[in-house]
Amino acid sequence: MNPVQTPPDLRALTTLRFLAAAWVVLYTAWPHLAVGFTPVAVTKGYLGVEVFFVLSGFILSHVYLEAAGERRFSYKGFLWARIARVYPLHLVTLFGMLGLGVVATVVGLSIDASLTDWRALPAHLTLTHAWGLAPTSAFNHPSWSISAEWFAYLSFPAFAFVAWRLRNRPVVATALAAAFALGLYAAFEPLAGFSLTEATFRWGALRIVPCFALGCALYLVHRRARLPHAGPLALVFGGLVLASASLGLWDPITVLAAGGLILALGSLENDRAGVLASKAGTYLGEISYSIYMVCAPVLLVATNAAARLTGADDKRFHIIVWLAIVAAIPVAAVMTYHLVERPARKALRSLATRNGSGQPSISSGPDSPERVLQPSKTIV
């Protein structure tokens, strides 16, 4: 069965990446806002990472599944493309946080002692710090999810093997993926003592597995036929994500609702996606990886500077100051995107092309390329 025709670029999914990143930023920055309440939906902001993970499975399958199933897949080229996408900015933020930690210690700023835990450096350099190989989170904590993504990239042939054999039974594949996710979430918490959706440098590699599998299965549904009435369905699933997060329902319910949202947005024509297909929305989606990766460094610098200027020793600020701090995150992300992320990716891909090992690729999630594209028109 041939896959259905899709738009040249799935702009609504690109913009969704920014919304997921913004949810994570809100979750991370809210404790620095001097208000007496925290909305439940904000406390669930860590689930923005789950949205990234489901998107990764969906988009990697969109681009690579057929090639993998027909044995036209270059594993080496695939991994090099992933490294080109995620590693340069990871290195910059890693050593940037290390440098900030050293400077902060010298000038007497308040930082977490684990920030410069050198014992964790080898695991960070090898992208294995979410595999239980780092003694502490250390350095740029959000990068644990990049380590988890790396685990999924290395395992992608196994995910593709299963998905390709279920390609003509997409509903069965999706039901199995959902059941697997629910079972894993239910079994993990009593064994580990905390929810799988809260795992980071401990069990983070396992955290991506149910989401990535769900994304692969949802792509099979998308491959069979685009959803009718995609716009209304996107509103319904988006409402379910917001409602389940706001009500503090069991995290997997929000994850499944996010999967439905991704499937609906993937079926949405660009000319009917409104603001989700706008240039501003897609650009914010393009820089969402940078937003995610610079969030912690910017907050570290900005909150310490603001505390000294305002005398807020508890690092909780008036909303005007807080908004200025939060606004600094996308500003910094624009800089790292254009100065580090994009040129480094192009340089590494050019190197692979010159060596004859280049391969078009795309992914989604916190580490995905800037725009979600149709396989035949993929760029990085």
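Residues numbered from 1 in each chain as written. Predicted model: local features only at pLDDT ≥ 70, side-chain atom pairs only at ≥ 80, totals over all residues. Heavy atoms only, no water.

- The name an unreviewed UniProt entry gives the protein is Peptidoglycan/LPS O-acetylase OafA/YrhL, with Brevundimonas lenta as the organism.

### Side note on helix H10 (residues 251–266)
(1) Moving on: Here H10 contains 16 residues, and its C-alpha end-to-end distance of 23 Å stays within 8% of the 22 Å for a straight helix at 1.5 Å per residue.
(2) Moving on: Burial within H10 is extensive, with 14 of its 16 residues counted as buried. (Helix = DSSP H or I, 4+ residues; strand = E, 2+ residues; numbered from the N terminus. Expected span 1.5 Å × (residues − 1). Buried < 20%, exposed > 50% of the residue type's maximum accessible area, 1.4 Å probe, protein only.)

### Observations regarding the packing of aromatic side chains
(1) Moving on: Per the stated rule, a full pass over the model turns up 21 aromatic pairs.
(2) Moving on: With 5.9 Å between their ring centres and 80° between their planes, phenylalanine 188 and tryptophan 203 make a pair best called edge-to-face. Of this pair, phenylalanine 188 sits in helix H7 (residues 170–192) while tryptophan 203 is found in the loop between H7 and helix H8 (204–224), placing the two residues 15 residues apart along the sequence.
(3) Moving on: Taking relative accessible area as the criterion, phenylalanine 188 reaches 7% and is therefore assigned buried.
(4) Moving on: Judged by its relative accessible area of 46%, tryptophan 203 falls in the partly exposed class.
(5) Moving on: In this structure an aromatic cluster arises from ring pairing among Tyr64, Phe73, Tyr75, Phe78, Trp150, Tyr153, Phe156, Phe159 and Phe212.
(6) Moving on: Note that arginine 82 overlies the ring of tyrosine 153, its terminal NZ or CZ placed 5.7 Å from the centroid.
(7) Moving on: Sitting over the face of the ring of tryptophan 164, arginine 167 holds its NZ or CZ atom 4.0 Å from the ring centroid. (Phe/Tyr/Trp six-rings, centres within 6.5 Å; stacked < 30°, edge-to-face > 60°. Lys NZ or Arg CZ within 6 Å of the ring centre and 35° of its normal.)

### A few points about the environment of phenylalanine 95
(1) Moving on: Tracing the sequence through the fold places phenylalanine 95 in helix H4 (residues 75–107).
(2) Moving on: Separated by 45 residues in sequence, phenylalanine 95 and asparagine 140 place their C-alpha atoms 8.8 Å apart.

### Points about the packing of H4 against helix H13 (residues 319–354)
(1) Moving on: Two elements in contact, H4 and H13, have axes separated by 9 Å at closest approach and are oriented at 145°. Two packed elements cross with a definite hand, and for H4 against H13 that hand is right-handed. Counting all contacts with H4, which are made through Trp80, Ala81, Ala84, Arg85, Pro88, Leu89 and Val92, the residues of H13 involved are Thr336, Val340, Glu341, Ala344, Arg345, Leu348, Arg349, Leu351 and Ala352. (Axes fitted to C-alpha atoms, helices over the stretch in contact; angles between N-to-C directions. Left-handed = near helix turned anticlockwise from the far one by under 90°. Contact = heavy atoms within 4.5 Å.)

### So, the pattern of salt bridges
Opposite charge on two side chains makes pairing possible when the charged atoms of those side chains draw close.
(1) Moving on: Scanning the entire structure with this criterion turns up seven salt bridges.
(2) Moving on: Put simply, aspartate 117 and arginine 119 hold a salt bridge, and the shortest N to O gap is 2.8 Å.
(3) Moving on: A relative accessible area of 11% places aspartate 117 in the buried class.
(4) Moving on: A residue is classified by how much of its surface remains accessible, and arginine 119, at 57% relative accessible area, is exposed.
(5) Moving on: Through salt bridges with shared partners, a single ionic network connects Arg85, Glu341 and Arg345. (Salt bridge = Lys/Arg side-chain N within 4 Å of Asp/Glu carboxyl O.)

### Let's talk about the confidence of the model for the protein
As a note on interpretation, predicted positions should not be read in detail where pLDDT is low.
(1) Moving on: Per-residue pLDDT for the protein averages 89, and the proportion of residues at 70 or more is 90%.
(2) Moving on: Under a pLDDT of 50 for its full length, residues 374–380 has, in the predicted model, 20 contacts with residues more than four places off or in other chains. (pLDDT = per-residue confidence, 0-100.)

### Describing the side chain of threonine 197
(1) Moving on: Structurally, threonine 197 can be placed in the loop between H7 and H8.
(2) Moving on: Polar contacts involving the side chain of threonine 197 include one to the side chain of serine 195, which spans 2.7 Å.
(3) Moving on: Within the structure, the side chain of threonine 197 is placed 2.5 Å from the side chain of aspartate 251, a separation counted as a polar contact.
(4) Moving on: With residues near it in sequence (within four places) discarded, threonine 197 still touches Tyr46, Leu47, Glu50, Tyr185, Arg207 and Asp251. (Polar contact = N/O pair within 3.5 Å; in protein donor to acceptor, adjacent residues only side chain to side chain.)

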